[in-house]
Each structure stands twice: as C-alpha cells, then as structure tokens.
Amino acid sequence: MSRSYTTRRLFPWLGALGLSLVTILIYRPAWDGGFLWDDDRYATHNPLLTAPDGLRRIWFSLDAPSQYFPLTYTVLRIERLLWGLNPAGFHWVNILLHVANALLVWRVLSRLNIPASWFAAAIFALHPVQVESVAWISELKNVLMGFFFLLTLLTWIECLDATGKRRYVLYLAALFLCLLALFAKSTASTLPAALLLILWLKERPIRWRALFEIVPFVVVALGVGLVAVWWEKYHQGTRVLVSLAPTERLLIASRAIWFYLSKLFWPTELIFIYPQWKINVVDPAAYVGLVAAAAAAVAIYFGRRFLGRGIEVATLFFVATLGPLLGFVMLYTFRYTFVADHYQYLAAIGPIAVASAGLAQLERMIKKSRPFIISVGFAILVCLSVLTWRQSWTYRDAETLWRTTIAKNPSCWMAYNNLGVIQFEKGNIDDAIDKYEQSLRLYPEYPEAHYNLGSALLQKGYADQAIQQCEEALKIQPNEPDAHIVLGNAFMSKQDVDQAISQYEQALTLRPEDSNAHYNLGTAFQAKGETERAGAEYKKAQEFELHEQP
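Residues numbered from 1 in each chain as written. Predicted model: local features only at pLDDT ≥ 70, side-chain atom pairs only at ≥ 80, totals over all residues. Heavy atoms only, no water.

Trainee: Just give me the short version of unusual backbone geometry, but keep the residues and values in it.
Mentor: Trans is the prevailing form of peptide bonds, just as negative phi is the prevailing case for residues other than glycine. Its identity as a non-glycine residue notwithstanding, Asn113 has a phi of 60 degrees, on the positive side. Tracing the backbone shows Asn113 in the loop between helix H6 (87-111) and helix H7 (117-126). Asn113 sits in the exposed class, given a relative accessible area of 67%. A positive phi angle, close to 55 degrees, is found at Glu269, a residue other than glycine. By secondary structure assignment, the location of Glu269 is in the loop between helix H14 (246-265) and helix H15 (288-307). (Helix = DSSP H or I, 4+ residues; strand = E, 2+ residues; numbered from the N terminus. Buried < 20%, exposed > 50% of the residue type's maximum accessible area, 1.4 Å probe, protein only.)

Trainee: Go over the packing of helix H16 (residues 310-322) against helix H17 (residues 349-365), please, and point to the residues and values.
Mentor: Between H16 and H17, whose axes approach to 7 Å, the crossing angle comes to 155 degrees. One finds that H16 runs roughly antiparallel with respect to H17. Residues Gly310, Ile311, Ala314, Phe317 and Phe318 of H16 pack against Ile349, Gly350, Pro351 and Val354 of H17. Tallied by class, the residues present in the contact of H16 with H17 amount to 7 nonpolar, 2 polar and no charged. (Axes fitted to C-alpha atoms, helices over the stretch in contact; angles between N-to-C directions. Parallel < 35°, antiparallel > 145°, perpendicular 65-115°, else oblique. Contact = heavy atoms within 4.5 Å. Nonpolar A, V, L, I, M, F, W, Y, C, P; charged D, E, K, R; others polar.)

Trainee: Tell me what's going on with the side chain of Glu79, and back it up with residues and numbers.
Mentor: Considering the arrangement of structural elements, one finds Glu79 in helix H5 (residues 70-83). Buried within the structure, Glu79 lacks any salt-bridge partner; its nearest side chain of opposite charge belongs to Arg80, at an N-O separation of 10 Å. The contact partners of Glu79, leaving out residues within four places of it in the chain, are Gly84, Gly89, Phe90, Val93 and Leu140. (Lys, Arg positive; Asp, Glu negative; His and termini not counted. Salt bridge = Lys/Arg side-chain N within 4 Å of Asp/Glu carboxyl O.)

Trainee: A description of helix H22 (residues 447-459) should follow, citing residues and the corresponding values.
Mentor: The end-to-end C-alpha distance of H22, which contains 13 residues, comes to 19 Å, matching closely the 18 Å that a straight helix rising 1.5 Å per residue would cover. Burial in H22 covers these residues: Pro447, Glu448, Ala449, His450, Tyr451, Asn452, Leu453, Gly454, Ala456, Leu457 and Leu458. The elements touched by buried residues of H22 are helix H20 (413-425), helix H21 (429-442), helix H23 (463-476) and helix H24 (481-493). (Expected span 1.5 Å × (residues − 1).)

Trainee: Give a detailed account of the pattern of salt bridges, specifying residues and quantitative values.
Mentor: For the structure shown, the criterion picks out 28 salt bridges. The partner of Arg111 in a salt bridge is Glu158, and the shortest N-O contact between them spans 2.8 Å. Within this pair, whereas Arg111 is found in helix H6, its partner Glu158 is found in helix H9 (residues 140-161), the two being separated by 47 residues in sequence. Residues joined in a network through salt bridges with shared partners are Arg107, Arg111, Glu158, Asp161, Lys202 and Arg204.

Set out below in structure tokens:
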C-alpha cells in the first residue's frame, strides 16, 4: 500500500478530527455558561420536562410553552433527567450537535462535488453568526433541526444514486429523517425545496416520477408548517401583537436578505436583539433592497450559462431556507426585531459554499497563487475563530447578554426589562425600578415591564402604584397570569384578601400549574381562616414545585 494512498485515506479522518477539536475549543466560553433568556420556558421551569404525563403532553397537546417542537422538548426532557439543572450538559449537547452539523455540511457538499467542501464546513463551524444557535440552550431546536435536515439531504443524495431495494430503503429513511427535522423545528418545512434543488444541481431530469417522490415530503412539510402558522397566529397571539401590510412584509424580506448576507461576509456588531427597522412604504429609499434583489436575480439567471448552476442553486437555497423567517409569516419575535442571527443557521450554507468554491476556483485558475490563496483561507478561519470566541463570551450569563445588548442597541426595551428582572432577583430594587422605567419610556405598551415595575414598587411598599402598574399591564394583555399574581400580592399587602383571591384564581385559570399562585392563594385562604382550602392549595403548590425540581 503506497504512502499517498494511506495519506488520502487518513485525510478525511484527520480533517474531521481537527475541525471538531477547533470548533469545541472556540466555544470554550460556553462550556460552563449559564441559562439565558427563554431557557426558563424551555428547560428550567418547563413542567412538560418533569411531569409524569409530560411526554404525552409534549406530543399530543397544546401545552408547549412556545411552538410545536415535540422532538426538541423530548430531547430536553431526557437532558433534564440526565443532568438536572446543570447548564453545562445542555451546552455540550448544543456544541456537539453543531460539530456534527459541520461534518454533515462537509459530507453533503462533497457528495455534490462542490469544491473546497472542507473549507466551507470549517467556515460554517467557526463563523460567529452561528454562536446564537450554539451557545443559547433554547436554540437546541435549531441545531437539532439542522442535524436531521442535513441527514435528510445526505440520505436523499445517496438515494438518487442507489438502485433496487436499497433505493427504496434510503427513500423511506430520508422521509423519516425529514419528519424528525420537522418535529425538532417547523422551519424545516423548506426541505422539499432543497431536495428539488439537489435534483437540479445534479442535472437530473425533473419528471413526473421525481415530482411524485417529493410529494410525501411536501405533504408532511406543509402539514407541520400550517400547524406552525396557526400556532403563531392564534396560540402565540401574533395576529394581535404584530400586524404588517403585504408591502411592508415584502420590504422587510428584501432588506433582511441583504442584512443576512452582510453579517456573513462582514460579521461585526452581532447583537442578540437587533434594532427593529422602521418601514416607510412611501419612502423611495425603502425599496433599494427590493430593487437590488431583483437585479441580482436577473444577473444570476443570465449568468448561469457562464458560471453554471451552482450560484443559482446556492442563492435559491439561501432564500428558500430563510423564507419562513423573512416576514411573509408573522413571528412572535417580530414584536421587537425582524432579524436574528439564528435564523440563518442553515441558510448560510449557500453563500458559504459559493465563496469557498470561488476561492478554490481562483486557486486553480492562477497556479502561482496557491500559497497566497491558502494563506488567505487560513487567515479567514483564524479571524472567524477569534470572533466566535469573543461572541461566545456574550452568552456566558444573562446579565452579560443583556448589558451587551443594551450597549450595542440602546433602544432595546426588552433588554432593559430583562436586566431589571436580574437586578430585582439580586435585591437591587432601585436599579430594577430604573431599568423597568427605562423600558417603558422606550415602549409604553410593554405589559411585562408594567407588572415587573409593579412587583418592584410593591417591594418598596408602594402598593397603590403597584396596583396601577398591574392594571395597566392587564389592559394591554388581559390574559397575563403573572400580572394577576403581582396584582394579588398588592391586594394582600393592603389586606384586601377577597380581591387577592380573585386575582390568584384568575392566574390559575390561565396557568393551572403555577406553584407560586397556588401557594399565594393558600396564604390568602389562610388569612380568611379557611384552613382546609388553604391546605389544599399548599398541597398543590408543593406537588407542582416538586415537578420543577431537577
């Protein structure tokens, strides 16, 4: 066996090992990071992860705290069982899934004969725009969906080259993996488009048989996608919180495409919550992104005879994968921003593949430039690694995250409120009040800041002002259980026990498993001398509190 043959056999393993180790090391700040925003809803205070009937409810109820992500919640339930409330375990799962996704990107691009596929996978792994998906525990749904999305693509590619019984088995495996991706996160509903693009890139004839084979993927993707749209609109309440005209949505989408490309090719000023754009449909400048996108589409279409199908496929993959997140479907996050780094976790593969292949093509065209091109590639990976290391520090703990967000986006009313919550928990009540008031100066219609301010004012002994803030919160969002609880606490401080009981009961109607509301209701019954009812509420509080324990 020749030395060159042995080297060729070893290179993939050494490449995979090297990429894995570097990726893990640059995420060192996240190894022992803490829980962040939304991690309470997903992991630490999610009753579905600890309740005896939690698994059934994850898959067959509307009890999920955000979207219908049953596979993600199932994995979180397993994680909660394995390491309780130790965030390190949750972070390591995200990091290892990201490593696996980078290796799958390498394999998929290699099977599609894309030049410089390892380099593209390395950029995907080391790019700082991916930090939000990897270092934020709540984004398990993103990296988990990405894992099964990429496995589906790889299996589909293998299926296209197989024959006989093996082809049938691979086809069913691809369909099953597609379902898993959809159950991890519904944005995998763009998978059928990616499957068609693979056929187009491989220059396979797209005849009736090929379309018929993709129909089952379309059916399951459409089904889960429609559930997601319904959930966002009616269960999450985006139809009330967010309303945009069709022209506004189109302008947001066109601007977002260029925004995401800019962050890929010049990843500076990455922010957890970006400033929300003001869309003015009568301003001609608002249409610059749309006109530029149309011009780029025309150029790519007519340029394919010279450049091949690769750029066309990569562009369509980028836009299609971003599609559900561009503004055509209303998302709860549009309440405060129209873009987020984690939205382009998978979509980034398209532009990255084009840039990597372009660098490889340049090296082949100019033979003497090989050392220079290799040096440029190495410098790119080093710069990305440094930026990712720095960005990971932002996600070490919630206070660092919100202070960094405010420093880069001073108009972020949500960041002030959430930093106020942290200060309140630390006992810095005056600073918490200051943060809540700053949040309300920026956005007076923010119910969370109103009842949080009420809770802080109550701690200072200002019960009447606390009641006023809670009532204002309930005017804006009547079905907010936390506002009812704080309002009940305020009435209790004024010895108005009947009013307090009414508020706690309303909170429990909205959120029956709230141990805090049960305990406070028990205290109110105790104050009235109704010891039997108080005992029943204390017992419920204890039961639900046990479910929240590791």
